[in-house]
Amino acid sequence: MGQCGKAAICGVLVFLVVFAVSLPQAFADPLPTWRDGDAKAAITDFVTRVTDPGSEDFVPVDERVAVFDNDGTLWSEQPVYFQVIFAMDQVRDAAAKDPGFADTPALKEAVAGDWKALFADHGQPMGEVLNATHGEVSVEEFEESAGTWLREARHPDTDRPYDQMIYQPMLELLRYLRDEGFATYIVSGGGLHFIRAYADGTYGIPPQQVIGTTNKERFEVVEGVPELIKEEGVFFINDKGGKPVGIDRHIGRRPIFAAGNSDGDLEMLQWTTAGDGPRFGMIVHHDDPVREWAYDRDSKIGRLDKAMDLAPKEGWLLVSMKNDWAQIFPWGNR
């Protein structure tokens, strides 16, 4: 056989090998733990339309912005927001070293783990606990402390580290969107530096793409080292109507995709889906008491009432944990 024939055969073989390797990847399910159904189809249809250059709904890459609430949307929020548990643990640790530290009713309630009492009086006791634990500490020290706690402390129901209480289907959705040219942001009522302590390693979302509630801060040179110090008091509350404001300040562009789980995300969903062109709003509904938790209208944590009523009117996707997710956590189910 001549060199030309051998070259042709080799070329065909190379093509077949490359084709065989790439074929499974080309047809791989980007959302494997999402059950086949209307919810999964709605997501993939939207992404396909906005990323296909031949589609009338095509959206340029620099306009593909997706925003996600954190508590109850990307990870669990029961029995109470994890940052609250972190703050109570910090008070207990401080009180163990100095019994005189917990010298107010709010700090004593934190030591006792009575988070419901901390939310009384419009959350004023909780504010006192946060000031005592989140103030007068450098940003670096705080994030290191939060990261260690998230890896080492254990959830009271699952005995899993808190940074493992994340939703596998949402991890897949984040990855899928990024693979299709989306920039993914966290927009949370939780503390900015608390979320930054784990968001990159856990969700693949870097610190500059986290928008959260922020403390007051100051610049200070401590023993010759320039530092940023978290002060007592809140600078900006990134919740409810504050979420669109935070998005505008930090991103400067209206998202085309927004996901939340509670009435605290209502304004973010409204603002996102009110824009021109293709838009997508999504609500994670906690309706699985066996594998996670079931709560909505009457819950003090992650209440979903007004947003659930508006979802069908606004065309927002209401995702059922029970019916749409084949698996809840990366390690299985509760």
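Student: Account for the sheet that holds strand β5 (residues 225–236), naming residues and giving values.
Tutor: Read from one edge to the other, the open sheet built from 8 strands follows the order β2-β5-β4-β3-β1-β6-β7-β8, with strand pairing classed as mixed. With one partner strand each, in any of the chains shown, β2 (137–138) and β8 (317–320) form the two edges of the open sheet. Here 2 bridges tie β2 to β5, and the two strands are oriented antiparallel to one another. If you follow V137 over to β5, its bridge partner there is K230.

Student: Any details on the nonpolar core? Residues and values, ideally.
Tutor: Grouped together as the largest cluster of nonpolar side chains are 70 residues, with contacts concentrated most on I43, F68, M170, L173, Y203, F257 and M282. The element best represented in this core is helix α3 (residues 82–97), accounting for 8 residues. In this view, F68 contacts L74, M170, L173, L174, L177, T184, Y185, I186, V187, F257 and A259; residues no more than four positions away in its chain are not counted. Among the nonpolar cores identified, the runner-up in size contains 17 residues, and V65, Y185, I283 and L304 belong to it.

Student: Break down a nonpolar patch on the surface for me, citing the residues and quoting the values.
Tutor: There is a patch of nonpolar side chains on the surface, built from F219, V221 and L228 and spanning about 300 Å² of accessible area. Looking at where V221 falls in the secondary structure, it is placed in strand β4 (residues 210–222).

Student: So what's going on with unusual backbone geometry? Which residues, and what values?
Tutor: Residue P79 is bonded to the preceding Q78 through a cis peptide linkage, with omega at 5°. Position of P79 relative to the elements: it lies in the loop between β1 (65–68) and α3. Not every positive phi belongs to a glycine, and D121 is a case in point at roughly 50°. On the secondary structure map, D121 appears in helix α6 (residues 120–134). With phi around 50°, E223 is a residue other than glycine that occupies positive phi space. Here E223 shows up in the loop between β4 and β5.

Student: Any chance you could break down the pairing of strand β6 (residues 257–260) for me, citing the residues and the numbers?
Tutor: Every second residue of β6 is oriented toward a common face, with F257 and A259 on one face and A258 and G260 on the other, all of them buried. Strand direction decides the pairing type here: β6 and strand β7 (residues 280–285), joined by 4 bridges, are parallel. Paired with A259 across the strands is M282, a residue of β7. Taken together, β6, helix α12 (residues 266–273) and β7 form a β-α-β motif whose crossover is right-handed.

Student: If you had to explain α3 to someone new, which residues and values would you point to?
Tutor: Between its first and last C-alpha, α3 extends 23 Å over 16 residues, near the 22 Å set by a 1.5 Å rise per residue. Those residues of α3 that fall on the buried side of the exposure criterion are F82, Q83, V84, I85, F86, A87, M88, Q90, V91 and A95. Along its buried surface, α3 packs onto α4 (105–112), α5 (115–118), α6, α7 (139–152), β3 (183–191) and α9 (192–196).

Student: Give me the lowdown on the pattern of salt bridges, citing residues and values where you can.
Tutor: Per the counting criterion, the structure on display carries 15 salt bridges. The salt bridge involving R218 is made with E136; its shortest N-O contact spans 2.9 Å. One end of the pair, R218, is in strand β4; the other, E136, is in the loop between α6 and β2, and 82 residues separate them in sequence. With a relative accessible area of 26%, R218 lands in the partly exposed category. What makes E136 partly exposed here is its relative accessible area of 48%. For R291, the salt bridge identified is with D288, shortest N-O distance 2.6 Å. Taking the relative accessible area as the measure of exposure, D288 reaches 5% and is therefore buried. Where salt bridges share partners, they join E136, R218, E220 and E231 into one cluster.

Student: Give me the lowdown on the packing of α3 against α7, citing residues and values where you can.
Tutor: Relative orientation of the contacting elements α3 and α7 amounts to 105°, with a least axis distance of 11 Å. The angle between α3 and α7 falls in the class roughly perpendicular. Residues F82, I85, F86, D89 and Q90 of α3 pack against F142, S145, A146 and W149 of α7. Tallied by class, the residues present in the contact of α3 with α7 amount to 6 nonpolar, 2 polar and 1 charged.

Student: So, the side chain of R291: which residues are in play, and what are the values?
Tutor: Position of R291 among the secondary structure elements: in the loop between β7 and α13 (306–314). According to the relative accessible area criterion, R291 is buried, its value standing at 11%. At 2.6 Å, the side chain of R291 and the side chain of D288 are in polar contact. R291 has contacts with R35, M321, K322, W325, A326, Q327, I328, F329, N333 and R334, leaving out every residue within four places of it along the chain.

What counts as what
- Residues numbered from 1 in each chain as written.
- Predicted model: local features only at pLDDT ≥ 70, side-chain atom pairs only at ≥ 80, totals over all residues.
- Heavy atoms only, no water.
- Pairing = 2+ DSSP bridges.
- Helix = DSSP H or I, 4+ residues; strand = E, 2+ residues; numbered from the N terminus.
- Core = buried A, V, L, I, M, F, W, Y, C linked by side-chain atoms within 4.5 Å.
- Buried < 20%, exposed > 50% of the residue type's maximum accessible area, 1.4 Å probe, protein only.
- Contact = heavy atoms within 4.5 Å.
- Patch = residues over 30% accessible without salt bridge, like charges linked within 9 Å, V, L, I, M, F, W, Y side chains within 5 Å.
- Areas by Shrake-Rupley, 256 points an atom, 1.4 Å probe, with all protein chains shown as cover.
- Salt bridge = Lys/Arg side-chain N within 4 Å of Asp/Glu carboxyl O.
- Right-handed = clockwise from strand over helix to strand, strands pointing away.
- Expected span 1.5 Å × (residues − 1).
- Axes fitted to C-alpha atoms, helices over the stretch in contact; angles between N-to-C directions.
- Parallel < 35°, antiparallel > 145°, perpendicular 65-115°, else oblique.
- Nonpolar A, V, L, I, M, F, W, Y, C, P; charged D, E, K, R; others polar.
- Polar contact = N/O pair within 3.5 Å; in protein donor to acceptor, adjacent residues only side chain to side chain.

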